[in-house]
Amino acid sequence: RYAQLSPCFNDNGETEGEKNYLLIGGVDVSFPAVDEEANEEAVAVYVILKYEINNSSSNNHYRNGVISSSNNQSPEVVYRSHTFYKLTAPYIPSYLAFREVDPLLELITQQRKVKPHITPNVILVDGNGQWHDRYAGLACFVGVKSGIPTVGVGKTF
C-alpha cells in the first residue's frame, strides 16, 4: 500500500488543499538499565516527522511523490510524546511485542485524539515485522492494532 496524497487540514480542522508532504512516524521502547531482563521500567516514545515531497509530473497516470533531501531541508518534527511504564511481562526472546505494544498503541491513540490531522502515512517501528522468527513481530502488532501501515526496522533477521 502506497501513501497517497489527500486533503490536509490545519489545526482547526479546515481543509488547506492537497498535501505536499508525507508524515512519517517512528516508535521505540527503551530500557534505562543495561540489563533488560532485570529492568522493571521502560519508556515508550513516538515521533512524527513531516517530509516535504516533490510531485512528479513525468507520468500523468500516477501521482508520485518523492521525498527529497536535495533542497537541504531537514524534516520538521510535528509531534512527539513519551510515556514511562512498568513492565508487566517477563523478558522472553522473540516475544518482545507483548512487553512493548500496549504503551506504543496508547501513544498513537492519544495523538489521534488530540491531533488527528497529523496521523502519519506510515510508522517505522524499532522491531521486526514479517521478518520476525514467527513472522509476526512488533511492527505487525502495531500496524494491525493501529490501522496505520508500518515498516519493521529490525537489527537482526
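Residues numbered from 1 in each chain as written. Predicted model: local features only at pLDDT ≥ 70, side-chain atom pairs only at ≥ 80, totals over all residues. Heavy atoms only, no water.

**A closer look at the packing of helix α1 (residues 97-114) against helix α2 (residues 138-146)**
Two measures define how a pair of helices packs: the angle their axes make with one another and the distance between the axes. Remark: α1 packs on α2, axes separated minimally by 10 Å, with the N-to-C direction vectors making an angle of 35 degrees. Two packed elements cross with a definite hand, and for α1 against α2 that hand is right-handed. Along its contact with α1, which presents Ala97, Phe98, Glu100, Val101, Leu104, Leu105, Ile108 and Arg112, the element α2 presents Leu138, Phe141, Val142, Lys145 and Ser146. For the contact of α1 with α2, the per-class residue count stands at 9 nonpolar, 1 polar and 3 charged. (Axes fitted to C-alpha atoms, helices over the stretch in contact; angles between N-to-C directions. Helix = DSSP H or I, 4+ residues; strand = E, 2+ residues; numbered from the N terminus. Left-handed = near helix turned anticlockwise from the far one by under 90°. Contact = heavy atoms within 4.5 Å. Nonpolar A, V, L, I, M, F, W, Y, C, P; charged D, E, K, R; others polar.)

**Some details on the pattern of salt bridges**
For the structure shown, the criterion picks out 1 salt bridge. Taking the shortest distance from any N to any O, the salt bridge between glutamate 41 and lysine 86 comes out at 3.5 Å. Pair noted here: glutamate 41 is in strand β4 (residues 41-55) and lysine 86 is in strand β6 (residues 76-86), with a separation of 45 residues, a long-range link. Here glutamate 41 falls in the partly exposed class, since its relative accessible area comes to 36%. (Salt bridge = Lys/Arg side-chain N within 4 Å of Asp/Glu carboxyl O. Buried < 20%, exposed > 50% of the residue type's maximum accessible area, 1.4 Å probe, protein only.)

**Comments concerning the packing of aromatic side chains**
Within the structure shown, the criterion is met by 1 aromatic pair. Relative to tyrosine 79, the ring of tyrosine 46 has its centre 5.8 Å away and its plane inclined at 65 degrees; by these criteria the two rings are edge-to-face. Note that tyrosine 46 is positioned in strand β4 and tyrosine 79 in strand β6, a separation of 33 residues in sequence. By the burial criterion, tyrosine 46 is buried, and tyrosine 79 matches it. Between the NZ or CZ atom of lysine 50 and the centre of the ring of tyrosine 21, over which it lies, the distance is 4.5 Å. (Phe/Tyr/Trp six-rings, centres within 6.5 Å; stacked < 30°, edge-to-face > 60°. Lys NZ or Arg CZ within 6 Å of the ring centre and 35° of its normal.)

**Some thoughts on α1**
Under the 1.5 Å per step criterion, the end-to-end length of α1 is 26 Å for 18 residues, consistent within 8% with the ideal 26 Å. Inspection of α1 places Ala97, Arg99, Glu100, Val101, Pro103, Leu104, Leu105, Leu107, Ile108 and Gln111 among the buried residues, and these make up the whole buried set. (Expected span 1.5 Å × (residues − 1).)

**Concerning the side chain of glutamine 111**
Residue position: glutamine 111 is located in helix α1. Assessed through its relative accessible area of 0%, glutamine 111 is described here as buried. Aside from chain neighbours lying at most four places away, what touches glutamine 111 is Tyr46, Ile48, Tyr79, Pro116, Ile118, Thr119 and Pro120.

**Details of the confidence of the model for the chain**
Mean pLDDT over the chain: 76, with 64% of residues reaching 70 or higher. The element-level mean pLDDT for the chain is lowest in strand β1 (residues 7-9), coming to 51, with β6 highest at 95. Segment residues 57-64: pLDDT under 50, and 6 contacts once partners within four positions in sequence are set aside and those in other chains are kept. (pLDDT = per-residue confidence, 0-100.)

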